[in-house]
Amino acid sequence: MSSVTHPEQIWWSAAELAEAELPGMPTTKRRVNALADREGWQGDARHARRRSRRGGGWEYHWMLLPLRARQWLLRAAEASSSAPAAKSPVDAHAYFDSLPETHKARARERLAVLQQVEALQDAGLTKQVAIEQAALSSGASVRAIWNWYGMVAGQDAMDWLMHLAPQYRNARRTDRRDGIDPTFFAWIKGDYLRREAPAFAACYRRAVRYCQAQGIEVPPRHTALRRLKAEVPRVTMVYAREGEAGLQRCYPPQVRDRTSMVAMEGVNADCHRFDVFVRWPGEKDPSRAQIIAFQDIFSGKILSWRIDHTPNKVMVMAAFVEMVENWGVPKHCLFDNGREFANKWMTGGAKTRFRFRILDDDPAGILELLQIKIHWATPGHGQAKPIERAFRDFAEDIAKDPRFAGAYVGNRPDAKPENYGNRAIPIDEFVAVVGELIDAHNARMGRLSPTVKGASFDEAFAKSYEVTKVKKLSGEQKRLLMMGQEARRLHRSHGRLTLFDNVYYDPWMVDHAGQRVVVRFDPEQLHGAVHIYSEKGEFLGSAACEQKVGFFDVTEAHAHGRRNARIKRAERALEKELNTVSPRQLAADMRATAPEETARPEAKVVQMARSSKPLAPPKPRDQAPVRSAEQIAAERAVVLDLAIRRERAPAERPRERFKRALECEARVEAGEPLSPEDAEFLRIYQQSAEYRAERTMYENFGDGMFAG
């Protein structure tokens, strides 16, 4: 039931009633007055009154109107009370912009009609006549034009267009969601929003089977899908079905500006596995090689690279050293969070390193010593590293080069070419071709990045490098660039250093014997000199590798003796210079200052020591058992028989004796008896050094040791 009891306008003049064109009422003033005279409206003192405004006449209460007119007025009042509040100009413009073009065209047609009415009024016609003329020319009804005027009532003429647009979006909609059972909707939503990302049709079929068994009403599939899309935001749906990877794709990637940078201001590095089979020296089966590359972020130029079986800290350090020696020290390094980049040689001492165990005596890494700021890329997010774009070129230009035909393996297990595994490229040839193609990659013209602008990476880098102040390394800093670093303790007696089964020594090291030091070395040249620093970073000195010599190498033995003799002579001279007081003088001084011997006091009372237990008599020595003559003769016969058998039997080789021992042991484990001869052989053989050596070989190689 409507809560409205009266219309917005209570009193009406004849002209106003004619202009309103209410249902059941005349549409002219003369006919309205005629109706009032016929029905005697003016005689009803409660519902008729003289008009007090200019022009005079009569006004009539709305209750005198016919029933249809009164009902229409009440409905109009109810619609007016439930209509939304008038929009501000900003809201009206926003609403108009959100409409489709067809609705905007209808608003323009309505505005043209109203503008025509306004022009006719300016020409001298009344508003009613002007509306009738505009209705005839436009094809719209008079009532519609009056409604349009109602839509723009009180609005500025400049905003009429926005208010004349259809208001269907502001109408109250009937909520049809009540037709879907909450249990059904919750069930299908829980099934659909899973990481397995099932198809909606399959989820709907399962929901139908479940709900029909429970007696729950099931809506059509398209209705359920429409309801699901309306209630679950798209981003939430993608996250529920695809996880964080799908969620990342819902938002545009961050665009980072490199135009404000200069060459060598920052570099980034990563590893890439080539889709090419490579043959390595000494290995039977080919494998795919991997490259570590450093790239200048500003220009995109590949500055240095190394190739190996798998990414490791040695190749990372080698590539980094080559870059620094050739181009200088960057200010920033962007690394992948892999173990090969987060190694202690590179990043030791960094507060943001989250790989490997951090120890108090860890030496500072090369990046910390050179004061290079370390940045770690987001794991598993290729867009965070610009070098990934270069690796895409490598996968096309290098891996599919004609010189590698037959060795290409495809980038996925299901993308193998028809000639998969036909050949493998020798590593030397592969490295040479890769170097040639990386140079071509840097020199290729037509690059479209904002910092290159159609030139090549080489040209962009060279142009910026010429005017950039780049830090170069001194001799001391180059020593710091020795690739490896390890914390070791010098020998406590002579100070010799042992590193990876190699020994290093220099005479100055004896002064630091037993101390913990930091050793910097080149892993590719372990027989070269190493540089030794204190734990505080102080350079102590260098030490050469002592080469191992032959056991009977007389030349080296003489050289070693002469070297030791020189050291001894030098140390004797130094000792004589430093030690000004001889041991003989020290002894004489001590004798001269020795205190006089004092008389030893004697005890005045003496007591004999007594034992609570009597002393036991000494035990007689064990005597060997007496053997009879028959036992002695039998033992001699066994020894003689074994000697004769040993002379007659052919000589066994060590491998044959061990194999015989294995057979005897197997028979014992199986519970089979052994002959006295085999039992005696096994007992004696198991105690020999030959058996222990052969047993070690057998445990390592099994039956394969008998193949040769």
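Residues numbered from 1 in each chain as written. Predicted model: local features only at pLDDT ≥ 70, side-chain atom pairs only at ≥ 80, totals over all residues. Heavy atoms only, no water.

Caption draft 1: Structural context of the overall build of the chain. Regarding its fold elements, the chain presents 25 helices and 15 strands. Per-residue burial for the chain yields a buried fraction of 33% across its 708 residues. Taking as baseline every contact in the chain between residues at least 6 positions apart, the subset at least 24 positions apart corresponds to 58%. (Helix = DSSP H or I, 4+ residues; strand = E, 2+ residues; numbered from the N terminus. Buried < 20%, exposed > 50% of the residue type's maximum accessible area, 1.4 Å probe, protein only. Contact = heavy atoms within 4.5 Å.)

Caption draft 2: A look at helix α6 (residues 127–138). Over its 12 residues, α6 extends 16 Å from the first C-alpha to the last, a length consistent with the 16 Å expected when each residue adds 1.5 Å. Those residues of α6 not exposed but buried are A130, I131, A134 and A135. For α6, the buried positions fall inside an angular range of 140° around the axis, keeping them on one side. Tucked inside the fold, the buried residues of α6 contact α5 (101–122) and α7 (142–151). G139 sits one or two positions beyond α6 and adopts a positive phi of about 85°. (Expected span 1.5 Å × (residues − 1). Arc of directions from axis to C-beta.)

Caption draft 3: Quick peek at the pattern of salt bridges. Overall, the coordinates contain 27 salt bridges when judged by the stated rule. Across the pair E101 and R108 runs a salt bridge whose closest N-O atoms are separated by 3.0 Å. Accessibility expressed as a relative area gives 39% for R108, which makes it partly exposed. By sharing partners, the salt bridges in this structure join R389, D393, D397, R444 and R447 into a single network. (Salt bridge = Lys/Arg side-chain N within 4 Å of Asp/Glu carboxyl O.)

Caption draft 4: Layout of the packing of helix α23 (residues 654–669) against helix α25 (residues 689–701). Close contact between α23 and α25 brings their axes to 10 Å; oriented N to C, the two are set at 75°. Relative to α25, α23 is oriented roughly perpendicular. Counted together, P654, R655, R657, F658, A661, L662 and E665 of α23 and E690, Y691, E694, R695 and Y698 of α25 form the full contact between these two elements. Taken together, the residues that form the contact of α23 with α25 break down as six nonpolar, no polar and six charged. (Axes fitted to C-alpha atoms, helices over the stretch in contact; angles between N-to-C directions. Parallel < 35°, antiparallel > 145°, perpendicular 65-115°, else oblique. Nonpolar A, V, L, I, M, F, W, Y, C, P; charged D, E, K, R; others polar.)

Caption draft 5: Broad picture of the sheet that holds strand β2 (residues 48–50). Strands sit in the order β1-β3-β2 across an open sheet of three strands; the sheet is antiparallel. Bordering the open sheet on either side are β1 (11–13) and β2, each of which pairs with just one other strand. In this sheet, adjacent strand axes meet at a mean angle of 35° when their direction is disregarded. In this structure, β1 lies alongside strand β3 (residues 58–61), joined through three bridges in antiparallel fashion. From the neighbouring strand, W12 faces β3, where its bridge partner is Y60. (Pairing = 2+ DSSP bridges.)

Caption draft 6: Structural view of the nonpolar core. Grouped together as the largest cluster of nonpolar side chains are 28 residues, with contacts concentrated most on F294, F320 and L367. Of all the secondary structure elements, the ones that give two or more residues to this core are β4 (266–279), β5 (287–296), α13 (313–327), β7 (332–335) and α15 (366–369). Here this core takes seven residues from α13, the largest share from any one element. (Core = buried A, V, L, I, M, F, W, Y, C linked by side-chain atoms within 4.5 Å.)

Caption draft 7: Main features of the side chain of E694. As for its position among the elements, E694 is in helix α25. At 2.8 Å, the side chain of E694 and the side chain of R655 are in polar contact. If near-sequence neighbours (up to four positions away) are discounted, E694 is found in contact with P654, R655, F658, Y685 and M705. (Polar contact = N/O pair within 3.5 Å; in protein donor to acceptor, adjacent residues only side chain to side chain.)

Caption draft 8: Expanded view of helix α12 (residues 234–249). A rise of 1.5 Å per residue sets the reference length of α12, with its 16 residues, at 22 Å; its end C-alpha atoms lie only 12 Å apart and thus fall more than 12% short of the reference. At G243, α12 shows its maximal kink, close to 140°. All of the buried residues in α12 are M237, V238, A240, R241, G243 and G246. Buried positions along α12 lie against α9 (182–192) and α11 (221–231). (Bend = angle between axes of the 7 residues up to and from the residue.)

Caption draft 9: The pairing of β7, seen in detail. Note that β4 and β7 share four bridges and pair parallel. Paired with G266 across the bridge in β7 is H332. Relative to strand β8 (residues 373–376), β7 runs parallel, the two sharing four bridges. Paired with H332 across the bridge in β8 is K373.

Caption draft 10: Representation of the packing of aromatic side chains within the structure. In the structure shown here, the tally under the stated rule is 22 aromatic pairs. Measuring from centroid to centroid gives 5.1 Å for W187 and Y210, while their planes differ by 15°, and the two rings are stacked. Taken as a pair, W187 in helix α9 and Y210 in helix α10 (residues 200–214) lie far apart in primary sequence, 23 residues in all. Taking the relative accessible area as the measure of exposure, W187 reaches 30% and is therefore partly exposed. Residue Y210 is classed as partly exposed on the basis of its relative accessible area, which comes to 32%. Clustering of aromatic rings is evident, with ring pairs tying together F274, F391, F394, F404 and F430. One residue, R227, lies across the ring of F185, its end atom 4.2 Å from the ring centre. Positioned above the aromatic ring of Y420 is the side chain of K416, whose terminal nitrogen or guanidinium carbon lies 4.6 Å from the ring centre. (Phe/Tyr/Trp six-rings, centres within 6.5 Å; stacked < 30°, edge-to-face > 60°. Lys NZ or Arg CZ within 6 Å of the ring centre and 35° of its normal.)

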